[in-house]
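# What the coordinates show
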Amino acid sequence: MKKNPSREELLKGIWRDNPVFVQVLGMCPMLAVTNSAINAVAMGMATFFVLVGSSFLVSTFRHLIPKQVRISCFIIIIATFVTIADYTLLALVPGVHKELGAFIPLIVANCLILGRQEAFASRYPTKLAVMDAIGMASGFVLALLSLGSVREILGDGALFGIKLFGENFEPWVIMILPPGGFLTLGVILLFFNWFKSKKDEFLEEVAAAQRSES
Amino acid sequence: MNAPANTGSPGSLRLVSTLAIAGLLSGIAIIGIYESTLPTITLNKARELREAVFKVLPGVSQMQALVHRDGELVVVTSPDKDEPVIYGGHDEQGQFVGYAVPAAGPGFQDTIAILYGYKPSEKLVVGMEVLESRETPGLGDKIYKDAEWVAGFGALSIEPEIFAVKKGTRSQPNEIDAITGATISSKAVVRIINEAHAQWSALLPAPGSEPQFEAAGQAPTESGQ
Amino acid sequence: MDNFLWIFVSALLVNNFVLTYFLGLCPFLGVSNSLETSARLGLATTFVMLVTAVCAWLLNTYILVHAPYLRLICFIVVIASTVQFIEMLIKKLSPALFRAMGIFLPLITTNCAILGLAIFATNRGYGFWQGIVYALGAGIGFTLALVLLAGLREESELSDVPKLIKGTAMNLIIAGILSMAFMGFAGLFSTT
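Residues numbered from 1 in each chain as written. Chains lettered and ligands numbered in written order. Predicted model: local features only at pLDDT ≥ 70, side-chain atom pairs only at ≥ 80, totals over all residues. Heavy atoms only, no water.

### Digging into the overall build of chain C
Helix and strand counts for chain C stand at nine helices and zero strands. With the principal axes as the frame, chain C shows a C-alpha extent of 60 × 50 × 30 Å. Put simply, chain C has 192 residues, and 54% of those count as buried. Considering only contacts in chain C between residues 6 or more positions apart, those separated by 24 or more positions represent 78%. When the accessible area of chain C is evaluated, it comes to approximately 8,400 Å², of which 70% is carbon and sulfur surface. (Helix = DSSP H or I, 4+ residues; strand = E, 2+ residues; numbered from the N terminus. Buried < 20%, exposed > 50% of the residue type's maximum accessible area, 1.4 Å probe, protein only. Contact = heavy atoms within 4.5 Å. Areas by Shrake-Rupley, 256 points an atom, 1.4 Å probe, with all protein chains shown as cover.)

Here it is as structure tokens:
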């Protein structure tokens, strides 16, 4: 397969290095707002905007920012984007903003965003940095969406507010309460561990088969 | 490691000026977005409040903010921060209908904020709307999802106090059926209303002498005072 | 009613920062593998929270009433620099105290629990003393959650757990069960 560097950067964030499920980053704002799919999507989009925007700026100006003050500069850039996202959501979708409440400003403290600036955007050209940011942010959105969907389906019997089951469905309320967030993420991580160990086993078998052939 | 390319160590002037420029640009961006979204946000908030007031006071189509200053209710356009506000509701002819009173207190999980409509002439609560709550979904959130319970506040006597009673045992005009499975949240709402009422009832003028309606956004007329 | 008591117990138990708001999860899952470290981190966090509450109140009262849109940037910049300043001060004045919690201070500054405290206290319109009480409750609640999880983790290190679930997955599930236990505190103040 032909290796295309920008496509590589884009894809790694979605699955192999998924920020949430593999690196377990940026959980603070994530678990709190994933009690419904729509909240998860709104939070994901806000984070997407902030991450891609800051990566673009940081990467573009990476030669102008002195090393000693880079963290402060990153934080100023991120906080600016978060404030923009905060006011935009408040103006356009006040209902969703009310649900997410104080957790939008907390995107600033999402270690994923600062981490990407420090590890990637400040070292690589703009195109790669934006690709990396889009990949990571998409991975984050997907993770939020899957958590939010699982919790809403189990806890409310609905998805995006549309009831999926009949009258007789007894919602598993605990799933949309805080403990449900911990439990769902725990189980999903368990699944990822299982998948990884199966993959390792498979690769080992292939390697062993190749050895015996030669 | 190909860290940000810097030849040598930059002087502190460079560091400070970089931070200053970053701060300046960020300030401009933030003020820009704030100024451009402010009108929409203010409009949204005002509309939300109007809708809530009209909901808890049936028949009302105009409202004004009232605060208690120097022993009487005064009409204000923008109340001071931390100043308790209630809203006077008037019908189309400008006749006074009732007050919409915001109130808040501890619920099952966290603070519950509500707005209730009060008709002083009949000493009746005529409507209740939950503005903010983090009550348990499926149980405590019935305080705003259970239509029967919300309708129970349609004509509820508040003298001397509202009581939440077990569902189906309502016999007095000042009793309301509590929600099955959300007794604590129901009682919390009732208590919040009772406490707010006890606080305000002494401050409200005698029925019939309420502040008259002043056209919004215009200078107050003498009669409004 | 006892307003201060309600704020304190609400932040400490009913709305525990870690277990119901998911704030400060990174140190919660990363550092909580020994009881002693957890207790010290908790102490340092409580301290920073108190400083934050004072900063947030000062900013809100004197600067942000005129420029609400600068809230986020002000909070971050001012809290980070104040904590750094205090860190230097402690290093000078009390080396013993610095050894106990010094290494954690820079870590905590970027913790979302700190920023969360400032934002929640502002949203709820707390005054000076209310903010202090809120910070105290949140800080002790954070310590409590951290120490509880550390205790459980120390036990589970010794037991025979399937390899797959070891690590973050199990810690999250333990945290979920702790969080369920804390739900029992809800309604503490409404039954009266």
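### Considering empty space enclosed by the protein
Residues and elements named next belong to chain B. One pass over the full model with this rule turns up one cavity of 30 Å³ or more. The volume enclosed by the largest cavity comes to roughly 40 Å³. Forming the walls of the largest cavity are Ile86, Tyr99, Val101, Tyr116, Tyr118, His197, Trp200, Ser201 and Leu204. For the lining of the largest cavity, the secondary-structure elements that each account for two or more residues are β4 (96–106), β5 (111–119) and α4 (183–201). A total of three residues in the lining of the largest cavity trace back to one element, the largest contributor, which is α4. The residue makeup of the lining of the largest cavity, split by class, is seven nonpolar, two polar and no charged. (1 Å grid on protein atoms, 1.4 Å probe; cavity = no way out; pocket = protein on both sides within 12 Å on 5 of 7 lines; lining within 4 Å. Points joined across faces, edges and corners; volume = space filled by probe spheres on them. Nonpolar A, V, L, I, M, F, W, Y, C, P; charged D, E, K, R; others polar.)

### Things to note about the sheet that holds strand β3 (residues 85–90) of chain B
All names here are of chain B. Reading across the sheet, the seven strands line up as β2-β1-β3-β4-β5-β6-β7 and stay open at both edges, with antiparallel pairing between neighbours. Since the sheet does not close on itself, it has two edges, and those belong to β2 (72–76) and β7 (156–157), each with one partner. For β3 and β4, the ladder comprises four bridges, and the chain directions are antiparallel. Bridge assignment links His90 to a residue of β4, and that residue is Phe96. Packing of helix α1 (residues 12–56) onto the sheet brings it into contact with β1 (62–69), β3, β4, β5 and β6 (124–132), and relative to β6 it is tilted by some 150°. (Pairing = 2+ DSSP bridges. Axes fitted to C-alpha atoms, helices over the stretch in contact; angles between N-to-C directions.)

### Focus on the pairing of β3 of chain B
Residue and element names in this part refer to chain B. In terms of burial, β3 is a largely internal element, six of the six residues being buried. Burial along β3 is two-sided: Val85, Tyr87 and Gly89 and Ile86, Gly88 and His90, pointing in opposite directions, are all buried. Pairing analysis gives six bridges linking β1 to β3, with the strands arranged antiparallel. Residue pairing for β3: Met63 is matched across the bridge by Gly89. Taken together, β3 and the strand that follows it, β4, pair antiparallel across an intervening segment of five residues, in which Gly94 is found at a positive phi of about 85°.

### Observations concerning the confidence of the model for chain B
Averaged over all residues, the pLDDT of chain B equals 79, while 89% of them reach at least 70. Predicted confidence is poor over residues 1–7 of chain B, with pLDDT under 50, and the contacts of this stretch with residues over four places away or in other chains come to 13 contacts. (pLDDT = per-residue confidence, 0-100.)

### A look at the interface of chain A and chain C
Each side of the interface is counted separately: chain A has 34 residues, and chain C has 35 residues. Surface buried jointly by chain A and chain C totals about 2,800 Å² across both partners, of which 86% is contributed by carbon and sulfur atoms. Together, Cys28, Leu106 and Phe182 of chain A form the three largest contributors to the area buried by chain A at its contact with chain C, with a combined 23%. Counting every contact that joins chain A to chain C gives zero salt bridges. (Buried area = accessible area lost by both parts, 1.4 Å probe. Salt bridge = Lys/Arg side-chain N within 4 Å of Asp/Glu carboxyl O.)

### Quick word on the packing of aromatic side chains
Residues and elements named next belong to chain C. Counting across every chain of the model gives 21 aromatic pairs over all chains. On the numbers, 4.8 Å between centres and 35° between planes, the contact of Tyr21 with Phe120 is tilted. On the criterion of sequence distance, the pair formed by Tyr21 in the loop between α1 (3–14) and α2 (25–30) and Phe120 in helix α7 (residues 112–123) is long-range, its members being 99 residues apart. Exposure remark for Phe120: the relative accessible area of 7% places this residue in the buried category. (Phe/Tyr/Trp six-rings, centres within 6.5 Å; stacked < 30°, edge-to-face > 60°.)

### Observations concerning the pattern of salt bridges
Overall, the coordinates contain six salt bridges over all chains when judged by the stated rule. Across the salt bridge formed by Asp132 of chain A and Arg116 of chain A, the nearest N and O atoms sit 2.9 Å from each other. A residue pair is termed long-range when its members are at least 10 positions apart, and Asp132 of chain A in helix α7 (residues 126–156) and Arg116 of chain A in helix α6 (residues 111–121) qualify at 16 residues. Each of the two residues, Asp132 of chain A as well as Arg116 of chain A, counts as buried. The closest approach of N and O atoms between Lys55 of chain B and Glu129 of chain B, which form a salt bridge, is 3.3 Å. Of this pair, Lys55 of chain B sits in helix α1 while Glu129 of chain B sits in strand β6, and the two are 74 residues apart along the sequence.

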